[in-house]
Amino acid sequence: MAEEIRLQPERKYMERALELAQHAAALGEVPVGAVIVHKPTGVIIGEGWNLRETEKSPLAHAELMAIEAASKRLGGWRIVDSALYVTLEPCPMCCGGILHARLDDVIFGAYDEKSGSVCSVQRMFAFPYNHHPQITGGFMEEECAGVLKDFFRELRQKKKESQKRWRREMSRAQERVLAEDTSPLDAV
Ligand SMILES: [Zn+2]
């Protein structure tokens, strides 16, 4: 039996996943992007980006969107000979999707200490399920984590600005009320 050759992750696919993450950020979504590559041909057969806010759905994660697109393209639920590239470590739901889709390889960028279920919170693929993908974690980690950091920094900045604006408007409104309060009394 021929020994299985371990996949060497390629930057170009993670770069595409990063583009998709930026696309999510432009929509105001937490930037996570994913692509599925058919290994024998190198063709991207599915793409996805986080759409949780847009779709108002807790299920609209980048990985599941990519899995959905790839299975539609292949015309079946089993996504054979394929690798998933995703900018952030998959959550338990997406790890479940990866198992069901029978993806060969999972390559992720940034680690997610809050819900990453490949190795951060738990090791989902180490459990005795009937499928065990090959894992590469921390691939292009700096770039992948950077997209998230930039997004949250901007979000904090926007929040601060809107709080400042609100305070300014409140104090102006207060001044107006005080001014109106005194004039009728003065008239009596
Ligand atoms: Zn997920």
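Below or above, wherever it landed, is the structure these notes cover. (Residues numbered from 1 in each chain as written. Predicted model: local features only at pLDDT ≥ 70, side-chain atom pairs only at ≥ 80, totals over all residues.)

## A short note on the overall build of the protein
Okay, so step 1: When helices and strands are tallied, the protein shows five helices and five strands.
Okay, so step 2: Mapped from its N terminus to its C terminus, the protein presents α and β elements in the order α-β-β-α-α-β-α-β-β-α.
Okay, so step 3: Taking 16 Å as the expected radius of gyration for a compact globule of 188 residues, we find that the protein reaches 23 Å, considerably beyond that expectation.
Okay, so step 4: With the C-alpha coordinates aligned to their principal axes, the bounding extent of the protein is approximately 100 × 30 × 30 Å.
Okay, so step 5: Sorting the 188 residues of the protein into buried and exposed places 31% on the buried side.
Okay, so step 6: By sequence separation, contacts in the protein at least 24 residues apart represent 56% of the contacts at least 6 residues apart. (Helix = DSSP H or I, 4+ residues; strand = E, 2+ residues; numbered from the N terminus. Rg over C-alpha atoms; globule rule 2.2 N^0.38 Å. Buried ≥ 20, exposed ≤ 12 C-beta atoms within 10 Å, placed from the backbone. Contact = placed C-beta atoms within 7 Å.)

## So, the pairing of strand E4 (residues 105-110)
Okay, so step 1: In terms of residue burial, E4 counts as a mostly covered element, since six of its six residues are buried.
Okay, so step 2: As paired strands, strand E3 (residues 82-88) and E4 are joined by five bridges and run parallel to one another. Within E4, the position partnered with Ala83 by the bridge is Asp105.
Okay, so step 3: A crossover connection joins E3 to the parallel E4 through helix H4 (residues 92-101); in handedness this β-α-β unit is right-handed.
Okay, so step 4: Sheet analysis places E4 next to strand E5 (residues 134-136), joined by three bridges and oriented parallel. Pairing of Ile107 across the sheet is with Thr136, part of E5. (Pairing = 2+ DSSP bridges. Right-handed = clockwise from strand over helix to strand, strands pointing away.)

## Here we look at the nonpolar core
Okay, so step 1: With 42 residues, the main nonpolar core has Ala17, Leu84 and Tyr85 as its most contacted residues.
Okay, so step 2: Within the residue set of this core, elements represented by two or more residues are helix H1 (11-26), strand E1 (33-38), strand E2 (43-49), helix H3 (62-74), E3, H4, E4 and helix H5 (141-187).
Okay, so step 3: Counting residues per element, this core draws most heavily on H1, at eight residues.
Okay, so step 4: Not counting residues up to four positions away in its chain, the partners in contact with Tyr85 are Tyr13, Met14, Ala17, Ala34, Val35, Val37 and Ile107. (Core = buried A, V, L, I, M, F, W, Y, C linked by C-beta atoms within 7 Å.)

## Looking at the pairing of E2
Okay, so step 1: Bridge count for E1 against E2 is six bridges, and the pairing is antiparallel. Bridge assignment links His38 to a residue of E2, and that residue is Val43.
Okay, so step 2: What sits between E1 and E2 in their antiparallel hairpin is a turn of four residues, with Gly42 showing a positive phi close to 75 degrees.

## Here we look at the environment of Gly33
Okay, so step 1: Looking at the secondary structure, you find Gly33 in strand E1.
Okay, so step 2: Measuring from C-alpha to C-alpha, the distance between Gly33 and Val106 comes to 13 Å, with 73 residues separating the pair along the chain.
Okay, so step 3: When neighbours within four sequence positions are excluded, Gly33 is seen to be in contact with Ala17, Leu18, Glu19, Leu20, Ala21, Ala24, Trp49, Ala62 and Thr87.

## A closer look at the sheet that holds E4
Okay, so step 1: If you trace the five strands from one edge of the open sheet to the other, you get E2-E1-E3-E4-E5, paired in mixed fashion. Two strands close off the open sheet at either side, each with one partner strand: E2 and E5. Put simply, the sheet's adjacent strands are angled 15 degrees from each other on average, direction ignored.
Okay, so step 2: In the packing of H3 onto the sheet, contacts are made with E1, E2 and E3, and the angle to E2 comes to roughly 140 degrees. (Axes fitted to C-alpha atoms, helices over the stretch in contact; angles between N-to-C directions.)

## Considering unusual backbone geometry
Leave glycine aside and you will find that most residues have negative phi; peptide bonds, for their part, are mostly trans.
Okay, so step 1: In this structure, Asp81 is a non-glycine residue whose phi angle is positive, near 50 degrees.
Okay, so step 2: The topology assignment puts Asp81 in the loop between H3 and E3.

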